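What follows is the residue order along each chain.
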Amino acid sequence: PWFRRLYLVTEGHVPDWLDTGCERLELVSHSQIFADHSHLPTFNSLAIECHLHRIDGLSEKFIYCNDDVIVLQPTGDDYFICDDGGHFIHLWPRELPRSLRAKSIVDRHLAYSQLLLNRDLGTQAHRQALPHMPQIYDRRWLAEMGNFWRAELEETSAQRFRKTNSAALRVLYYHGLREWPSAQVPDWALTAGYPKVQLTDDEALLLWSEDNYESFAAGQMAARWASARFVCFNEGAHFEGNDDHLRPVFDFLAREFPTACMFERSKGKDGARGSV
């Protein structure tokens, strides 16, 4: 209940179950936040992330969440915001990739982002990865870093699909905050509170389709997720339109979330709220 407004950023499409009349919801299209429309259309989430801070009306501190992340437990604003006005940085106890020749494009662009940090802020032996969970940002720091890595972020913005040299703003932001030279900290940030690091392990769970969802009976899923605050369902494989492998997940979510939220249309006569 503590959040002010939800901004849903899409290319312009709207899920059929979404209540667009909800007063706490605002739809934002890519064309509203991309300064250079020649970069559109884009299918690169890293490019989109470069422009989120340009949403009109967005709070000074805002929380960004991908559409495949689900919140499983009540979570207060104190999970993200410190008493001194700073904010928490949640990191996984595993290291960022370092090889630009990794098989996964995700590992390659994470390694490229680490290369930028090494080049511009100094080499670090161990930088930890960021979990797939809601992330908090300060728009003022994003503006600082947008200027600092302007060329790299402009190049990323223009890439319609992810490439090895796509800069992951979340990596630059979270580690940049930790490593920013004290002599270059802007005046407003001196009293804004520095970020505090929190290690997150079981609280943020990542499930890939390759994990074989069929093996997760409801009891097993509940037991595995008992300590999880967030879960990310990441479709890494293609099943040619066959969603049978996801049925245990759908059943689990139907039990966990039986009530429509404020952003969903009312249930129809058949009890459905639209496609999952």
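Residues numbered from 1 in each chain as written. Predicted model: local features only at pLDDT ≥ 70, side-chain atom pairs only at ≥ 80, totals over all residues. Heavy atoms only, no water.

If you tally the helices and strands in the protein, you get eight helices and nine strands. Here the analysis covers contacts within the protein between residues at least 6 apart in sequence; of these, 73% occur between residues at least 24 apart. Carbon together with sulfur atoms contributes 51% to the accessible area of the protein, which is approximately 15000 Å² in total. (Helix = DSSP H or I, 4+ residues; strand = E, 2+ residues; numbered from the N terminus. Contact = heavy atoms within 4.5 Å. Areas by Shrake-Rupley, 256 points an atom, 1.4 Å probe, with all protein chains shown as cover.)

Turning our eyes to something else, we now look at the nonpolar core. One finds Trp141, Trp149 and Tyr173 to be the most contacted residues of the largest nonpolar core, which totals 51 residues. With six residues, helix α6 (residues 169–179) is the single largest residue contributor to this core. If we ignore the near neighbours within four places in the chain, the residues touching Trp141 are Tyr173, Leu177, Trp180, Val185, Pro186, Trp188 and Ala189. If you look at the next biggest cluster of nonpolar residues, it comprises eight residues, including Leu72, Leu205, Ala228 and Val249. (Core = buried A, V, L, I, M, F, W, Y, C linked by side-chain atoms within 4.5 Å. Buried < 20%, exposed > 50% of the residue type's maximum accessible area, 1.4 Å probe, protein only.)

Two numbers describe how helix α3 (residues 105–121) lies on α6: the axes approach to 10 Å, and their chain directions differ by 30°. Here α3 is positioned roughly parallel relative to α6, judged by the angle of their axes. By crossing handedness, the relation of α3 to α6 is classed as right-handed. Of the residues in α6, those touching α3 at His109, Leu110, Ser113, Leu116, Leu117 and Leu121 are Arg170, Val171, Leu172, His175, Gly176 and Glu179. Looking at the contact of α3 with α6 residue by residue, the class counts come to six nonpolar, four polar and two charged. (Axes fitted to C-alpha atoms, helices over the stretch in contact; angles between N-to-C directions. Parallel < 35°, antiparallel > 145°, perpendicular 65-115°, else oblique. Left-handed = near helix turned anticlockwise from the far one by under 90°. Nonpolar A, V, L, I, M, F, W, Y, C, P; charged D, E, K, R; others polar.)

With that settled, consider the environment of Asp120. Along the chain, the position of Asp120 falls in helix α3. Taking the relative accessible area as the measure of exposure, Asp120 reaches 28% and is therefore partly exposed. Distance in space between the C-alpha atoms of Asp120 and Trp149 is 9.3 Å, their sequence separation being 29 residues. Beyond its immediate sequence surroundings of up to four residues, Asp120 is in contact with Phe148 and Trp149. In terms of polar contacts, Asp120 uses its side chain to reach the side chain of Trp149, at 2.8 Å. (Polar contact = N/O pair within 3.5 Å; in protein donor to acceptor, adjacent residues only side chain to side chain.)

This part is about α3. In this model, α3 (17 residues) spans 24 Å end to end at C-alpha, consistent with the 24 Å of a helix rising 1.5 Å per residue. In the core, the buried residues of α3 are packed alongside α2 (45–49), α4 (139–148), α5 (150–157) and α6. You can read the cap of α3 off the contacts: a side-chain oxygen lies 3.1 Å from the backbone nitrogen of Val106, and it is on Ser104. Just downstream of α3, Gly122 is the residue with a positive phi angle, here 105°. (Expected span 1.5 Å × (residues − 1).)

Within this structure, the stated rule accounts for eight salt bridges. Note that Arg5 and Glu26 form a salt bridge whose closest N and O atoms lie 3.3 Å from each other. With Arg5 in the segment before β1 (6–10) and Glu26 in strand β2 (residues 25–29), this pair connects stretches of sequence that are 21 residues apart. For Arg5, a relative accessible area of 30% corresponds to the partly exposed category. Look at Glu26 and you get partly exposed, because its relative accessible area is 27%. (Salt bridge = Lys/Arg side-chain N within 4 Å of Asp/Glu carboxyl O.)

With that settled, consider the pairing of strand β3 (residues 61–64). Two faces make up the sheet, and in a regular strand the side chains alternate between them. By the alternation rule, side chains of β3 split into Phe62 and Tyr64, which are all buried, and Lys61 and Ile63, of which none is buried. Here four bridges tie β3 to strand β6 (residues 135–138), and the two strands are oriented antiparallel to one another. The residue bridging Phe62 from the neighbouring strand is Tyr137, located in β6. (Pairing = 2+ DSSP bridges.)

Here the focus is the confidence of the model for the protein. The predicted model of the protein averages 84 in pLDDT, with 82% of residues at 70 or higher. In this model, residues 268–276 is a region of pLDDT below 50 whose contacts with residues beyond four sequence positions or in other chains number 14 contacts. (pLDDT = per-residue confidence, 0-100.)

Here we come to the packing of aromatic side chains. For the structure shown, the criterion picks out 14 aromatic pairs. Centre to centre, the rings of Phe3 and Phe263 are 6.3 Å apart; their planes meet at 45°, and the pair counts as tilted. With Phe3 in the segment before β1 and Phe263 in the segment after α8 (247–256), this residue pair connects regions lying 260 residues apart in the sequence. Phe3 gets classed as partly exposed once you look at its relative accessible area, which sits at 29%. (Phe/Tyr/Trp six-rings, centres within 6.5 Å; stacked < 30°, edge-to-face > 60°.)

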